[in-house]
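Here's the letter readout for the chains.
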Amino acid sequence: MMRRQVVRALPWLALAVPATWALAQAPGDGKVWLRVRNDSTEAFTHVWQGLPQQGTDVDLGPLRPGDTSRWHALPPVLAHYRKTRIQIGQRQLTHVTDTAFPGGQATLAPGRYTLIYTLEGGALRLMVVSEDAAAR
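The following paragraphs examine the structure supplied in this document. Treat the numbers as computed from the prediction; the structure is a model and nothing was measured.

For the rest of this paragraph, the subject is the sheet that holds strand E8 (residues 123–130). Sheet strands associate in pairs through backbone hydrogen bonding, adopting either a parallel or an antiparallel arrangement. Taken in spatial order, the four strands line up as E4-E1-E7-E8 in an open sheet, and their pairing is mixed. With partners counted over all chains shown, the strands left at the sheet margins are strand E4 (72–74) and E8, one partner each. In this sheet, adjacent strand axes meet at a mean angle of 35 degrees when their direction is disregarded. Examined bridge by bridge, strand E7 (residues 111–120) and E8 share eight bridges and lie antiparallel to one another. Following the sheet pairing, Tyr113 is matched in E8 by Ser130.

Have a look at this one:
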C-alpha cells in the first residue's frame, strides 16, 4: 500500500524538486542573480551578459516584447554584470551601466535583480529592480 502511494507521488516530486532547488540557490549564496526583461516593442533576437574573458558570459537567447529570461548567477563583481549585449534584427547594441542600480549604488549587493530594458530612439534604457526588496 505504501509503495503505491510513493509511486503516485513521484510525478509531483519530479516537478517540485527543481523548483525547490532554484529557491535554495538564492540570495544567501553570495552571488548576484540576474534576469533580463524586454519592455520594448521590438523583439530582442539575442541577449548576452557577463564577462567572456572570465567564463561568466551567459547566452540568454531571444526575448520577445514582454518576455523575461531565466535567472542566472554571476560573481558579485561589477565587471561580470555591467555589460549586456542585445541584438535587435541585424544590429547589436551593448549597454554598459554603472549608475542604474537601486539606491544609487555603484555595484549590486548579492541577491536577485531584474534588468528591464526598453528601446527608445535607437538606444537602450535600463531600469534595475531588486527582487529581494519586492519579496519583503
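What follows continues from the structure just given.
A few words now on the sheet that holds strand E2 (residues 44–49). Pairing is antiparallel across the open sheet formed by four strands, whose spatial order is E3-E2-E5-E6. Edge positions in the open sheet fall to strand E3 (58–63) and strand E6 (91–96), since each of these has one partner strand only. Mean inter-strand twist for the sheet, computed between neighbouring axes without regard to direction, equals 20 degrees. Where E2 and E3 come together, four bridges link them in antiparallel fashion. Bridge assignment links Gln49 to a residue of E3, and that residue is Val58.

Turning to the pattern of salt bridges, a few remarks are in order. For the structure shown, the criterion picks out five salt bridges. For Arg35, the salt bridge identified is with Glu131, shortest N-O distance 3.6 Å. Of this pair, Arg35 sits in strand E1 (residues 32–38) while Glu131 sits in helix H3 (residues 131–135), and the two are 96 residues apart along the sequence. Close ionic contact of Asp39 with Arg37 constitutes a salt bridge, the shortest N to O distance being 3.1 Å. Owing to a relative accessible area of 26%, Arg37 belongs among the partly exposed residues under this scheme.

The next subject is the packing of aromatic side chains. Applying the stated rule across the entire model yields one aromatic pair. Summarising the aromatic geometry, the rings of Tyr81 and Phe101 are spaced 5.8 Å apart at their centres and angled 75 degrees between planes, so their arrangement reads as edge-to-face. Remark: Phe101 occurs in the loop between E6 and E7 and Tyr81 occurs in helix H2 (residues 78–81); sequence separation between them is 20 residues. This pair shows no difference in class: Tyr81 is buried, exactly as Phe101 is.

Let us now look at the nonpolar core. Of all hydrophobic cores here, the largest spans 22 residues; its most connected members are Leu34, Phe44, Leu108 and Tyr117. Those elements that place two or more of their residues in this core are E1, E2, E3, strand E5 (83–88), E7 and E8. By residue number, the principal contributor to this core is E7, which donates four residues. Once residues within four sequence positions are removed from consideration, Tyr117 is found in contact with Val36, Arg37, Asn38, Asp39, Ser40, Phe44, Thr84, Ile86, His95, Leu124, Arg125 and Leu126.

Calculation notes
Residues numbered from 1 in each chain as written. Predicted model: local features only at pLDDT ≥ 70, side-chain atom pairs only at ≥ 80, totals over all residues. Heavy atoms only, no water. Pairing = 2+ DSSP bridges. Helix = DSSP H or I, 4+ residues; strand = E, 2+ residues; numbered from the N terminus. Axes fitted to C-alpha atoms, helices over the stretch in contact; angles between N-to-C directions. Salt bridge = Lys/Arg side-chain N within 4 Å of Asp/Glu carboxyl O. Buried < 20%, exposed > 50% of the residue type's maximum accessible area, 1.4 Å probe, protein only. Phe/Tyr/Trp six-rings, centres within 6.5 Å; stacked < 30°, edge-to-face > 60°. Core = buried A, V, L, I, M, F, W, Y, C linked by side-chain atoms within 4.5 Å. Contact = heavy atoms within 4.5 Å.

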